[in-house]
Amino acid sequence: MKLLFGYSSRIYVVGCEHINRAGGFLLASNHISHFDPPIISSVARRKIDWMAMAEFFPIPGLGHFLRAVDAFPAARDRADRKTIRSAIKRLKDGRIVGVFPEGGIRDGACSLLEGAPLRAGASTLAHMAGVPIVPCVILGSDRLYGPRNWMPLRRTPVWIAFGQAISHFPELEKSVARARIEQELADGFQRLYAELRRKFQLTRDDLPHPPRERMRSQPKNPRRRLHRAAANAVDFAMCVSMNLVQSRHRLNGRSAEEMDRYVVECEKLTPHEYYAAPKDVGLIAAIQNANGSSLTWRSPIETEFPRNNVARADFFPCGRGKAAPTVFMLHALMSATHIGYRRWAARFNELGWNACFVHLPYHYSRVPRGHWNGELAITADLIRNAEGLRQGVIEVRQLIGALRDHGYSEFGILGTSYGGWIGALLAMVERDLRFVALMCPIVNVEHAIWQNPGTAFMRRELRRAKIAPELVARHFHLSSPLHNEPACDPARVLFVSGDFDLIARPADIDAIQQKWRGSELLRVPQGHFGYRVMRETVMRLKERGF
């Protein structure tokens, strides 16, 4: 088995010291494939006696093999005294007995990893035998159902985590002890599951899927290949353009020492302090006067560019007025035109929503003279980048506060790319949002700076200034959504990812969707740049009743 799975898989193990402890104990694992017992056994130095389904033992060859490796049968539909006596004897002899408390292969809502209840057998067995239970979580083994994953050099990754042993609580009454064991075991599974997802940045595809889904071969789709090629070509061309634009801007005197001083001050702040939004009398007066559809006020953050210091939002009210919810549309970096957003504002008005198109820092009316739309928002000057994000978040929060004071009660966020980044930061500090729809958002700042093909020139300048990744990472608690948790209800967050996106990688959006537990993920067959994502997002919001 070691040779077989050493050839087919790359196995990552966390907490191996817990499985190699001395004495008898019960090993309880989740169950996602028929490969789980041999894979888990292959990474343990001690032998494991697995409790296997009784239906396997009458099968010629298989039954002989199972008995040869000291597995023993268990009926899933009833308590088998012979099985219980055999398990207790082995445990008292100091051996390891492996069980799957789910009672079979499980995934999704039926899995204990997603909160499904455990069967009582494991806790009862541990208490009767007087031995501890070691929890185990295995992920990735279900992908071995796919024939392609056995091809040479594929090395399908499998992740295994062993937890600390759980006592059988001999000092407690029998029923109380069993309930305590079950609770500790369920908590242990959740901790190990979260640890694997966090440590290895697992995506949705890495998590358990039904065996039949894994077995199903994906049909070749020439049209999908064409879409991928076209999307990659557009994304690559835009990345080249972004690097050309960045080449117009050097670090402007920003050094590693200045960056360090800035980060030291930021480390003292929480996101709520960093993005605190003061009330603005000018904004309140602008809403009261309702001069056309444009609202302007003095930005709470002063920059060296006077035009950027005037915040602006175009407000498009619907017929219901204050009784209607309001959606804030946050545009992408260097968004080519506002015409499309105005059309979507009209669509939202038809749906009974007020719409508000926010001019983000260094864009549209806020572009300094002699510069292009948005080119100053993201450059090698990381301090200006961070302050621009902060400026955008605070200004939207000011808008929400001012509108709330005037009787508007419900708000939604619709952000794309750079605007999705700001929308995700808003979700970290705003609790009362009806929905947060983030389309191809920049959520992993580490990748955005150090690996993104659109920031190659930026990286060159940062290395020239000796600004190390470790220094930048000290600001992630304020600027990187993937490294934080939402303040609003995650169930109100919709992540939308482009299947062929080279800039906001689907893997990063998968990772944050799993971390923001309860949020939803929508996949769209496009790259980072495209119009389909907006249509699909609005359609999904309508389906969910937002």
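Predicted model, so just to flag it, every value in this text is computed and none were measured. (Residues numbered from 1 in each chain as written. Predicted model: local features only at pLDDT ≥ 70, side-chain atom pairs only at ≥ 80, totals over all residues. Heavy atoms only, no water.)

Draft legend 1. Examining the packing of aromatic side chains more closely. In this structure the tally under the stated criterion is 17 aromatic pairs. The interplanar angle of 15° and the centroid separation of 6.5 Å between the aromatic rings of Y12 and W159 together place this pair among those described as stacked. Of the two residues, Y12 sits in strand β1 (residues 9–14) while W159 sits in strand β7 (residues 156–162), which places them 147 residues apart along the sequence. Its relative accessible area of 6% is what places W159 among the buried residues. Ring-pair connections join several aromatic residues into one group, and the members of that group are F5, F35, Y145 and W150. In this structure, R197 is placed above the aromatic ring of Y193, and the distance from its NZ or CZ to the ring centre is 4.5 Å. The cationic tip of K199 hangs over the ring face of F200; the distance from NZ or CZ to the ring centre is 6.0 Å. (Phe/Tyr/Trp six-rings, centres within 6.5 Å; stacked < 30°, edge-to-face > 60°. Helix = DSSP H or I, 4+ residues; strand = E, 2+ residues; numbered from the N terminus. Buried < 20%, exposed > 50% of the residue type's maximum accessible area, 1.4 Å probe, protein only. Lys NZ or Arg CZ within 6 Å of the ring centre and 35° of its normal.)

Draft legend 2. Region of the structure containing the nonpolar core. In terms of nonpolar packing, the biggest core is built from 80 residues, with F328, V358, L399 and Y418 touching the most fellow members. Beyond its immediate sequence surroundings of up to four residues, L399 is in contact with L283, L295, W297, A313, F328, C356 and V358. (Core = buried A, V, L, I, M, F, W, Y, C linked by side-chain atoms within 4.5 Å. Contact = heavy atoms within 4.5 Å.)

Draft legend 3. Summary view of the sheet that holds strand β14 (residues 493–498). Pairing is mixed in the open sheet, where eight strands are placed in the order β8-β9-β11-β10-β12-β13-β14-β15. In this open sheet, the two strands that pair with only one neighbour each are β8 (294–298) and β15 (520–524). The sheet shows a mean angle of 20° between the axes of neighbouring strands, direction not considered. Examined bridge by bridge, β14 and β15 share five bridges and lie parallel to one another. Paired with V496 across the strands is L522, a residue of β15. Packed onto the sheet, helix α14 (residues 382–405) meets β8, β9 (310–316), β10 (326–330), β11 (354–359) and β12 (411–416) and runs at close to 165° relative to β10. (Pairing = 2+ DSSP bridges. Axes fitted to C-alpha atoms, helices over the stretch in contact; angles between N-to-C directions.)

Draft legend 4. Here's a closer look at the sheet that holds strand β5 (residues 96–99). The seven strands lie next to each other as β1-β7-β6-β2-β5-β3-β4, forming an open sheet whose pairing is mixed. Either end of the sheet is taken by a strand with one partner, and the two such strands are β1 and β4 (72–74). For this sheet the average axis-to-axis angle between neighbouring strands, irrespective of direction, equals 25°. As paired strands, β1 and β7 are joined by six bridges and run parallel to one another. For S9, the partnering residue across the bridge sits in β7 and is T156. Helix-sheet contacts for helix α7 (residues 174–200) involve β1, β2 (25–29), β6 (133–139) and β7, and the interaxial angle to β6 is about 35°.

Draft legend 5. View of the packing of helix α6 (residues 121–129) against α7. Where α6 meets α7, the closest approach of the two axes is 9 Å, and the angle between their N-to-C directions is 125°. By the angle class used here, α6 and α7 are oblique. Read as a crossing pair, α6 and α7 show a hand that is right-handed. Across from A122, S123, T124, H127 and M128 in α6, the residues of α7 making contact are K174, A177, R178, I181, E182 and L185. Of the residues in the contact of α6 with α7, the class split is five nonpolar, three polar and three charged. (Parallel < 35°, antiparallel > 145°, perpendicular 65-115°, else oblique. Left-handed = near helix turned anticlockwise from the far one by under 90°. Nonpolar A, V, L, I, M, F, W, Y, C, P; charged D, E, K, R; others polar.)

Draft legend 6. How the structure looks around unusual backbone geometry. Phi at F169 takes a positive value of approximately 50°, unusual for a residue other than glycine. In this structure, F169 sits in the loop between β7 and α7.

Draft legend 7. Representation of the pattern of salt bridges. One pass over the structure, following the stated rule, counts 31 salt bridges. Of the charged contacts in the structure, one is a salt bridge between R90 and D49, with a shortest N-O distance of 3.2 Å. Pair noted here: R90 is in helix α5 (residues 81–92) and D49 is in strand β3 (residues 48–53), with a separation of 41 residues, a long-range link. By relative accessible area, which is 14% here, R90 ends up buried. As a salt-bridge pair, R214 and D142 come within 2.9 Å of each other at their nearest N and O atoms. Placement of R214 in helix α8 (residues 211–215) and of D142 in the loop between β6 and β7 is noted, with a sequence separation of 72 residues between them. Several salt bridges converge on common partners, so that one network encompasses K47, D49, D70, R90 and R95. (Salt bridge = Lys/Arg side-chain N within 4 Å of Asp/Glu carboxyl O.)

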